[in-house]
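# Examination of the molecular architecture
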Amino acid sequence: MYKLIDKLERKFGKYAIPGLMKYIVIIEIISAFIGIVNPFIYYKYFALDFSAVFSGQIWRLVTFVFCPELTELDFFDILMFAIMVYLYYVIGNSLERMWGSFRFNIYYLSGLLLGIIAGLIMYIFTGYPFWSVGFEYINMSLILAFACMYPDQEFYLYFLLPVKAKWIGILDAVLLTVEVIQYLAIGTLQAYAMAFAVIISMANFILFFFGFFKRGAYKSMKRKAQFKKEVTPKVMPM
């Protein structure tokens, strides 16, 4: 599979979007603005509602990414939002420098595509039309990817406490596992579909790290990247 990605990069690499995370940050900021003004706007016109999609509103397959993570002008919430967006920006750029723009684009955009598939599966099996997520799971998969590539990189929790990336990755993995178990414990068809949707949404991480990026392959890429760039700066996770 790694060879397949290599071939695709040689053929389509020129179409990759360099610096993808800066555009993601812009979308996050616009999403926050929408949420503060009126989150109802998102759910009425932009959310991934498959009943609306099948009625012709196909733009929702793109606009669902504007899911607001901020819905009120609270100083603490704004501060946490700003720190998290900065975290994702730094992590995303670090992974792009490691993998190259094409591979990073595939990783991020495949995560979004899998999110759409997850919402569709949930709609088919439960009839529940909404899958109200934007970058939530793909950004969590960024943290997991970063923790695998840079396990000993230190973050500064609340500007003070140093924490290694591997522990943040483990925490994310535990939280995702708990979320899936909670859905399964409910025991309804909709809950099972939700659990499966979460797993599908994170499948890009599984595919890349157990398929496309075999251990030897990404270790080789890591050595090359470290030779070409400076050490990744320390950042704050929350």
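The model shown is predicted, which means the values in this text are computed figures rather than measured ones.

Our focus in this paragraph is the pattern of salt bridges. Across all of its chains, the model carries three salt bridges by this definition. With a closest N to O distance of 2.2 Å, arginine 103 and glutamate 9 form a salt bridge. In this pair, arginine 103 sits in helix 7 (residues 101-126) while glutamate 9 sits in helix 1 (residues 2-12), placing the two residues 94 residues apart along the sequence. A relative accessible area of 25% places glutamate 9 in the partly exposed class. Each of Asp152, Lys164 and Lys166 takes part in a single network of salt bridges with overlapping partners.

Our next topic: a nonpolar patch on the surface. Side chains of Ile17, Tyr23, Ile26 and Ile30 sit close together on the surface and give an oily, nonpolar patch of about 340 Å² of accessible area. Counting through the fold element by element, isoleucine 17 comes out in the loop between helix 1 and helix 2 (20-37).

Helix packing geometry: the angle between the two helix axes and the distance between the axes. At a minimum axis distance of 8 Å, the contact between helix 7 and helix 10 (residues 189-201) shows a crossing angle of 165°. When the interaxial angle is binned, helix 7 and helix 10 end up roughly antiparallel. Considering the relative orientation of helix 7 and helix 10, their crossing is right-handed. From helix 7, Gly111, Leu114, Gly115, Ile117, Ala118, Ile121, Met122, Phe125 and Thr126 reach across to helix 10, where they touch Leu189, Gln190, Ala193, Met194, Phe196, Ala197, Ile200 and Ser201. Within the contact of helix 7 with helix 10, the residues separate by chemical class into twelve nonpolar, five polar and no charged.

Tallied over the full model, the rule gives two cavities of 30 Å³ or more. Counted as a void, the largest cavity has a volume near 70 Å³. Lining the largest cavity are Phe64, Gly111, Leu112, Gly115, Trp131, Val133, Gly134, Glu136, Tyr137, Ile138 and Ser201.

Turning our eyes to something else, we now look at the packing of aromatic side chains. In this structure the tally under the stated criterion is nine aromatic pairs. Both rings, one in phenylalanine 46 and one in phenylalanine 66, keep their centres 6.4 Å apart while their planes meet at 45°; by these two values the pair is tilted. Linking phenylalanine 46 in helix 3 (residues 39-46) with phenylalanine 66 in the loop between helix 5 (60-63) and helix 6 (75-99), this pair joins segments that are 20 residues apart in sequence. Pairwise contacts between aromatic rings join Phe50, Phe54 and Tyr123 into one cluster.

This part covers the nonpolar core. With 59 residues, the main nonpolar core has Trp99, Tyr108 and Trp131 as its most contacted residues. Taken together, the elements giving at least two residues each to this core come down to helix 2, helix 4 (50-53), helix 6, helix 7, helix 8 (136-149), helix 9 (165-186), helix 10 and helix 11 (203-212). With residues near it in sequence (within four places) discarded, tryptophan 131 still touches Leu48, Gly115, Ala118, Gly119, Met122, Tyr137, Met194, Ala197, Val198 and Ser201. In terms of nonpolar packing, the next biggest core, distinct from the first, is built from five residues, Val25, Ala32, Leu70 and Phe81 among them.

Bringing the environment of glycine 111 into the picture now. Examined against the element boundaries, glycine 111 turns out to sit in helix 7. Between the alpha carbons of glycine 111 and isoleucine 138 there is a distance of 5.4 Å; along the sequence they are 27 residues apart. The contacts of glycine 111, once residues within four sequence positions are left out, are Ile138, Ser201 and Asn204.

Calculation notes
Residues numbered from 1 in each chain as written. Predicted model: local features only at pLDDT ≥ 70, side-chain atom pairs only at ≥ 80, totals over all residues. Heavy atoms only, no water. Salt bridge = Lys/Arg side-chain N within 4 Å of Asp/Glu carboxyl O. Helix = DSSP H or I, 4+ residues; strand = E, 2+ residues; numbered from the N terminus. Buried < 20%, exposed > 50% of the residue type's maximum accessible area, 1.4 Å probe, protein only. Patch = residues over 30% accessible without salt bridge, like charges linked within 9 Å, V, L, I, M, F, W, Y side chains within 5 Å. Areas by Shrake-Rupley, 256 points an atom, 1.4 Å probe, with all protein chains shown as cover. Axes fitted to C-alpha atoms, helices over the stretch in contact; angles between N-to-C directions. Parallel < 35°, antiparallel > 145°, perpendicular 65-115°, else oblique. Left-handed = near helix turned anticlockwise from the far one by under 90°. Contact = heavy atoms within 4.5 Å. Nonpolar A, V, L, I, M, F, W, Y, C, P; charged D, E, K, R; others polar. 1 Å grid on protein atoms, 1.4 Å probe; cavity = no way out; pocket = protein on both sides within 12 Å on 5 of 7 lines; lining within 4 Å. Points joined across faces, edges and corners; volume = space filled by probe spheres on them. Phe/Tyr/Trp six-rings, centres within 6.5 Å; stacked < 30°, edge-to-face > 60°. Core = buried A, V, L, I, M, F, W, Y, C linked by side-chain atoms within 4.5 Å.

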